[in-house]
Amino acid sequence: MKTPVRKTEGVFVFAIAAVTASAMLASVARAGANLDTFSYENVEPSPYPGIFTADLGNMRWDDRCVSVEYRLNTTMDPIGDGFGVPPLPLAEVAPAIQAAMDSWNDIPTSYIEMNLEGTVNNPGLPRYDFINEVNFNRPYTSYIGSSRAITLLRTTDLADGTDIDRDGDSDVSAGIGTCQDVDGDGDIEFPAGVYAAGTILDNDIQFIIVPWTVDEQLVLQGVWDLVSTAIHEFGHGHGLAHSAIYETGGTDGTPATMGYPGDNFDQLAQRSLHPDDIAWSSFLYPEGTRDEGPGALQDGDIAFDERYAVVSGNVSDEHGSPIAGALVFARDYSNRIVSSAVAGKSRLGVDAFGGYYYLPEEILVQDGAYELPVPKGIYRIGVEPNDRFPEATLGSMYLGRLAEYFGRQTFTEEYYSGKKESGHEVSLGTAVPVFAFESKTGIDLVIEDNVFLEYANPLDLAAFDFLGGVSIGPHGNLLAVRIPVEQVNAVDEGRGVIVQGALFGTFPWAFSTIAEYPSAMITTGRVAANGIVTVDTNHPLVRAAPFTGQDRDFTPLYAGGKSLGLGAIAEHVLPRQGKDFFLVLEFSPEEDPLFPGTSPLGILGDFVTEGETAYGMAYYSRDKGKTWSAENPLLNYHFGLVVSPR
Amino acid sequence: MKLWISTLALLASSGAWALPGSPPTLEALVQSADAIVFARARERESMWVDGNLLTRYKFAVEEDLLRGTLREVSVIVEGGVDVNRPIPVAVIVPHAPLFAQDQRVALILRRTDFPHKQDFVVAGDGRGAISLAEPAPASRQSVAPVGAREQVLARLQSIVNSSNNNSRSSSPQGPSGRHERSNSPSVGGAPPVKEAP
């Protein structure tokens, strides 16, 4: 039963791949929210012996296999049992699964089609068997659902009669034009022909053995929702990666359905597809782009080009070096994020045996290009680091992991500012609107060459383990972090500084909760020799009220046109007055158990015992800023000032 | 059926928490770990087991934080790449950990009896694998006495925090590094992997 992969054979197969790849169809490289795959496409030698570089594949179903046929595993009926939750009979499971598929099927601009077409009696886990299985037999893991896909390693000509999975039965037929069970034995046969690297051959959706429900009231009580979980997994099932959108923005805390799964407070919201989910499913399977087959317009369809535009450009540093892996996003007039994408194309280091390598980015990175599908409209286009906050795409894409390895996802979130776009912008929050009523090219983003002067509570991550302690303290009070002015001026390299703004790490426990603070500000203050702290909250240098925090991420408070002035204050005024900058966040007077703290973001540092204040830089006020203490309120925080040389 | 049960046991043993589906905390992973090591990926072998592709990575242990005795660990991961079939395939499991050749990582591990008694799985799926900067700072090598889980947790938290920040912060004494671009994998807080074998 166990079949080790033999390395000697691998050399042979790999040699063929290297020769044939260049002659095959070039697959369209598309980053963004499309899952990428290991591939042997366009293999080239690298400077390192035995290591080559290859394109990443794009995971998707070939048009000939749309509609995708799934089968429901019937060996567990009812599913789930325990914790007092009524078991769910399969008679209720099947329509819930089909409803999840229909969420995607019903997108008028996407031609993806997935359907539950029968059952399978498999007492174990799903196999590589050309049966797309929906299975409830997976034991406990930290992920309640998963989507496993078997994909082609390289562009391949599948010949009639080929037994791809080596079960003794042909998986390819020259007599059919679409994927179907042509011989009636229960598995799917593919039409003979050429298929691109990354083509999905088999997809199995697995759910772990826990209590499941489709009842909204039980979902609200915290029981896992089969519908929203299935929608997410079938999103993976047709090639979508995790979305970076944890909240829509403005006053809308709705996460994308393809947002990283994290809690069960948002499940009902995730039953409805987010505009980002719809845009990417449509971009990968665009209606009206084929003359025949599923991509040709039929009743009820709307052509992708009729409803969508594609904004494109490059992300680079000030020297023009591409930043692969950066997250680009579009906000509409109401401040809602409607779409996001991962920028850049990178290759992967590979060997002949299926191993992969991270090589220097000069070898692997091809460009920093992005494509962002948006409903036709007017947008601000922004870029933020793909840095695990929010957790975003890093874990589900090779490109994300490579971006982490390259180590350049440390820049400041900002907006496209047209001709003023540079590595030393005075005002990061200024955005030039992009009129995307047709596809728009050349929207190039240049990341900043700046410094983040930051402090955080080292209890940060530990505090995650006792949320009750965190949620009790801060309501209605102020937290201030001091940024010594000499550290600000040390950035200037003799040229003076621009204080571009501040970043506040913000974190509501539930995805759909808006982290709204009464105010945030950059102001000045002093720590006297006797230890008495004064913070000028009446005359802030920059203030936002209210201040809407981002979900599990840094939230910028841009200094805007005051940036140069703040630099002058740092250079000439504060040293004379013996003052420093203070970053102040005001907490809501209302206790909200879903909004316990400010930051999931830790810092580099050693473990400190409970009760210590981090490096003496944080201060706390319970009387609206009249008096301040250096006590540690057991509150997560991670604040910093963003400073650029002039 | 036996293999199926064994495979279930393998997958089940990666869990480390009480509530269904709750993301495990780092502390929960550490408290339930059978082994915690700093190690480097050395070998990789993929195998089909009852229609499922599994990959066994062998790691050379640089430091065994709990017992101080492990020199090598083998870790089983779902998915992988099979180049030996007539039609070579990749098996993609979005949540499963992936390790590049020579990658240096901290691993929080649980024992599994399958395929071999000597094998481990990464606790909490990918959450128990943490990329390490390279080379290891000498000062961090001797911080925690072997076996003290609280101090192991503190070390891992420090690593998680620093990898979260990349070059954002340079020192616990104060801020902070310029957001400079890294020209090589060893600059700018770039995580884990050696340039070439």
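Predicted, not measured: the structure shown is a model, and the values here were computed from it.

## Quick look at the overall build of chain B
Item 1. Across its full length, chain B holds three helices and eight strands.
Item 2. Along chain B, helices and strands appear, N-terminal first, in the series α-α-β-β-β-β-β-β-β-β-α.
Item 3. A burial count over chain B gives 53% of its 197 residues as buried.
Item 4. Taking the intrachain contacts of chain B between residues at least 6 apart in sequence as the baseline, contacts between residues at least 24 apart amount to 62%.

## Some details on the overall build of chain A
Item 1. Regarding its fold elements, chain A presents 12 helices and 38 strands.
Item 2. Taking all 646 residues of chain A together, the buried fraction comes to 58%.
Item 3. Put simply, 74% of the contacts in chain A that link residues at least 6 apart link residues at least 24 apart.

## Thoughts on the pairing of strand β3 (residues 52–58) of chain A
Residues and elements named next belong to chain A.
Item 1. In terms of burial, β3 is a largely internal element, seven of the seven residues being buried.
Item 2. Where strand β2 (residues 36–45) meets β3, five bridges bridge the pair, whose relative direction is antiparallel. Paired with E41 across the two strands is D55, which belongs to β3.
Item 3. Here β2 folds back onto β3, and the loop between the two strands holds six residues, one of which, G50, carries a positive phi near 80°.

## Some words on the sheet that holds strand β22 (residues 369–375) of chain A
The strands that make up a sheet are held in pairs by hydrogen bonds between backbone atoms, and each pair lies either parallel or antiparallel.
Residues and elements named next belong to chain A.
Item 1. The strand order β22-β15-β26 describes an open sheet built from three strands, whose pairing is mixed. Looking at strand neighbours, the two that pair on one side only are β22 and β26 (445–446), the edges of this open sheet.
Item 2. Note: strand β15 (residues 308–316) against β22, seven bridges, orientation antiparallel. By the bridge assignment, A309 is partnered in β22 with V374.
Item 3. This element, helix α5 (residues 275–284), spans β15 and β22 of the sheet and lies at about 115° to β22.

## Concerning the sheet that holds β3(A)
Item 1. Spatial strand order, β2-β3-β19-β20 (chain A): four strands in an open sheet with antiparallel pairing. Bordering the open sheet on either side are β2 and β20 (356–357) of chain A, each of which pairs with just one other strand.

## Some remarks on the nonpolar core
Most often, soluble globular proteins keep nonpolar side chains buried together rather than apart.
Item 1. Among the nonpolar cores identified, the biggest contains 171 residues, and V311(A), V328(A), V374(A), I36(B), V75(B), L107(B) and L109(B) are the most heavily contacted of them.
Item 2. Ranked by residue count, the leading element in this core is strand β1 (residues 35–49) of chain B, at eight residues.
Item 3. When near neighbours in sequence (up to four residues on either side) are disregarded, V328(A) contacts V315(A), S340(A), A341(A), A343(A), Y370(A), L372(A), I381(A), V383(A) and L445(A).
Item 4. Membership of the second largest hydrophobic core comes to 51 residues, among which are I483(A), V497(A), L503(A) and F587(A).

## As for helix α8 (residues 398–406) of chain A
Residue and element names in this part refer to chain A.
Item 1. In terms of burial, α8 is largely enclosed, as nine of its nine residues are buried.
Item 2. Burial in α8 covers these residues: Y398, L399, G400, R401, L402, A403, E404, Y405 and F406.
Item 3. For α8, the secondary structure elements touched by its buried residues are β2, β3, β17 (337–342), β18 (345–346), β19 (348–350) and α7 (361–364).
Item 4. Phi for G407, located one or two positions after α8, is positive at around 75°.

## A few points about the environment of D183(A)
All names here are of chain A.
Item 1. Relative to the assigned elements, D183 resides in the loop between β9 (172–173) and β10 (190–191).
Item 2. On the neighbour-count criterion, D183 (11 C-beta atoms within 10 Å) is exposed.
Item 3. D183 sits 402 residues away from L585 along the chain, and the two C-alpha atoms are 67 Å apart.

## Brief notes about unusual backbone geometry
All names here are of chain A.
Item 1. Put simply, V66 and S67 share a cis peptide bond, and its omega is 20°.
Item 2. Mapped onto the fold, S67 is located in the loop between β3 and β4 (68–73).
Item 3. The step from A545 to P546 runs through a cis peptide bond, and the omega angle for that step is -5°.
Item 4. With respect to the helices, strands and loops of the structure, P546 is situated in the loop between β33 (542–544) and β34 (547–549).
Item 5. Unlike most non-glycine residues, N42 shows phi in positive territory, near 55°.
Item 6. Checked against the element boundaries, N42 lands in strand β2.
Item 7. On the basis of neighbour counts, which here come to 20 C-beta atoms within 10 Å, the residue N42 falls in the buried class.
Item 8. The phi dihedral of K624 falls on the positive side, at around 60°, and the residue is not glycine.
Item 9. Among the secondary structure elements, K624 is positioned in the loop between β37 (618–621) and β38 (638–645).
Item 10. A tally of 11 C-beta atoms within 10 Å means that K624 is categorised as exposed.

## As for the confidence of the model for chain A
Segments scoring low in pLDDT should not have their predicted coordinates read at a detailed level.
Item 1. Predicted confidence across chain A gives a mean pLDDT of 84, with 84% of residues reaching 70 or more.
Item 2. For residues 601–613 of chain A, every residue scores under 50 in pLDDT, and the model assigns this stretch 44 contacts once sequence neighbours within four places are set aside.

## Let's talk about the packing of helix α2 (residues 90–105) of chain A against helix α4 (residues 226–237) of chain A
Residues and elements named next belong to chain A.
Item 1. Look at α2 against α4: their axes get within 8 Å of each other, and the N-to-C directions meet at 50°. In terms of their interaxial angle, α2 and α4 are classed as oblique. Here α2 runs over α4; the crossing is right-handed. Side by side, α2 and α4 meet where V93, A96, I97, A99, A100, M101, S103 and W104 of the first sit next to L226, V227, A230, I231, F234 and G235 of the second.

Cut-offs and rules
- Residues numbered from 1 in each chain as written.
- Chains lettered and ligands numbered in written order.
- Predicted model: local features only at pLDDT ≥ 70, side-chain atom pairs only at ≥ 80, totals over all residues.
- Helix = DSSP H or I, 4+ residues; strand = E, 2+ residues; numbered from the N terminus.
- Buried ≥ 20, exposed ≤ 12 C-beta atoms within 10 Å, placed from the backbone.
- Contact = placed C-beta atoms within 7 Å.
- Pairing = 2+ DSSP bridges.
- Axes fitted to C-alpha atoms, helices over the stretch in contact; angles between N-to-C directions.
- Core = buried A, V, L, I, M, F, W, Y, C linked by C-beta atoms within 7 Å.
- pLDDT = per-residue confidence, 0-100.
- Parallel < 35°, antiparallel > 145°, perpendicular 65-115°, else oblique.
- Left-handed = near helix turned anticlockwise from the far one by under 90°.

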